[in-house]
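# Chain and residue survey
Listed below are the residues making up each chain.
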Amino acid sequence: MVDRHGFVMRPQTLFLSRLKSLYAEATYRSYARALLDIERVNACYQGGKGLVFSKVSDPYLEKTRTEFLKHRKVALGTYKKTMMIAFRFYIFAQDEHFAKNLIGSASDGRKFRINVPKTGIKDHPVMKGKVIWQVPQLPTHRDFELIEAEGMSLIRDPALKRRFSIFCHILKTLALRRSEAARLNIAMVPSRVQLARLRKAAEAGDRAWTVSIKILRSKRGGYRFVEFPISLLEELRDYIDRDRPKDVKGSSKHGPIFVSRKTGMQIGDQWITNLFKRAAKKAAAMHSRGFGEMNLAELRPHHYRHRGITDLLRGFLKEGIDSTEALLVTMSLAGINSLEVIMGYLHVAEAELQEDSDAYRKAAQEREKRSALNLGRIKNELKQWRRRK
């Protein structure tokens, strides 16, 4: 990290190097952006004079809270995540002797510029406020089709159209994170000869129609295995052999599948978000929505993951697999270790209602009958009460 004059900010750079050794690339980048946001605010202090991190104090942090929440309109949850990184940096800087008496608890008998409560950083005054997480609505498959069609209309080059289409197909089919899809490597995809053998064996009933592929994890680093349908692998191989050479001169057996034409390097996952958001806005303007239907402009690529995980679990349940086993397998395939996290991705009821399944239709009819009976009972009681009056 460098300042406005081009000088390296040594404490911040060392701190980021430490984070890079601990986390996956996507996580590290999000933490780096958070620290950069803090330093930008510090640089604007007192009309651009700036404030050195070692001079940060509790009153100043209150001002940054106002700056982020009121002026920049940053969500409270995002602000809290940003401040957690800032506090971690201040502790690092103090431990590495880049600052003295910067952060600590007053119970130690010492005075600090940033006083941390006994209960920890999360209870610092600038971290006040309860974050209410909004559970996203589950888009229908038709919603995705409308946006994908508009996305294709925004692209002229046939090879780039194919890249967008395949990327969306990967997110929809495998429920991968954007960064995991962007980091897929050529070496992960079988050759044409190998794919022909796999398809022949699957058609003969000698093997499954999916292939277990080891991919890089976006969070917590390391690898995990994902079941790729043979048809998707054939589509990827076709893209690698025919369209990818237009992005990078020469063929290769290694390297990222999706690359930038400008740099020849792995494409960043932000490109799909930018393009998808443009397509979503265009789709929202082109297609009117009825009452209760999702606003297309609100859709993001991460909704693919919600849809994919929900459909995955529903598929297991329809096959008659025990619900506990189905949930555990879904968590494993989605790369999720926490039950609390997986519950945020599951929209089984919404998916069943969208499909208008018999079980949910009957349940809805029974609920409607009970509601009508209750409403009738209340009306009768109200009439009797009026008569007594």
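Refer to the preceding data block for the structure.
Description of the structure in this document. The structure presented is a predicted model; accordingly, all values stated were derived computationally and were not measured.

To continue, consider the overall build of the protein. Regarding its fold elements, the protein presents 17 helices and 4 strands. If you line up the protein on its principal axes, its C-alpha atoms span 90 × 70 × 40 Å. Of all intrachain contacts in the protein linking residues separated by at least 6 positions in sequence, the fraction that spans at least 24 positions is 62%. For the protein, the distance from the average position of its 74 positive side-chain charges to the average position of its 42 negative side-chain charges is 6 Å.

What follows concerns the nonpolar core. Judged by nonpolar contacts, the single largest core of 46 residues is most densely connected at Ile-170, Phe-228, Ile-257 and Phe-258. Of all elements in the fold, only helix H6 (141-153), helix H7 (158-174), helix H8 (178-182), helix H9 (192-203), strand E3 (210-216), strand E4 (223-229), helix H10 (230-242) and helix H12 (270-286) reach the threshold of two or more residues within this core. Beyond its immediate sequence surroundings of up to four residues, Ile-170 is in contact with Ala-175, Leu-176, Ala-181, Leu-184, Leu-232, Leu-236 and Phe-258.

Here we come to unusual backbone geometry. Look at Lys-73: it is not a glycine, yet its phi comes out positive at around 60°. According to the relative accessible area criterion, Lys-73 is exposed, its value standing at 67%. Even without being glycine, His-97 reaches a positive phi, approximately 65°. Note that His-97 resides in the loop between helix H5 (76-95) and strand E1 (103-104). Classification of His-97 as exposed rests on a relative accessible area of 72%.

A word on the pattern of salt bridges. Overall, the coordinates contain 20 salt bridges when judged by the stated rule. Arg-224 is the salt-bridge partner of Glu-180, the closest N and O atoms lying 2.8 Å from each other. Of this pair, Glu-180 sits in helix H8 while Arg-224 sits in strand E4, and the two are 44 residues apart along the sequence. The salt bridge partner of Arg-307 is Asp-311, with a shortest N-O separation of 3.0 Å. With Arg-307 and Asp-311 both in helix H13 (residues 302-318) and 4 residues apart, this pair spans about one turn of that helix.

About the thresholds
- Residues numbered from 1 in each chain as written.
- Predicted model: local features only at pLDDT ≥ 70, side-chain atom pairs only at ≥ 80, totals over all residues.
- Heavy atoms only, no water.
- Helix = DSSP H or I, 4+ residues; strand = E, 2+ residues; numbered from the N terminus.
- Contact = heavy atoms within 4.5 Å.
- Lys, Arg positive; Asp, Glu negative; His and termini not counted.
- Charge placed at Lys NZ, Arg CZ, Asp CG, Glu CD.
- Core = buried A, V, L, I, M, F, W, Y, C linked by side-chain atoms within 4.5 Å.
- Buried < 20%, exposed > 50% of the residue type's maximum accessible area, 1.4 Å probe, protein only.
- Salt bridge = Lys/Arg side-chain N within 4 Å of Asp/Glu carboxyl O.

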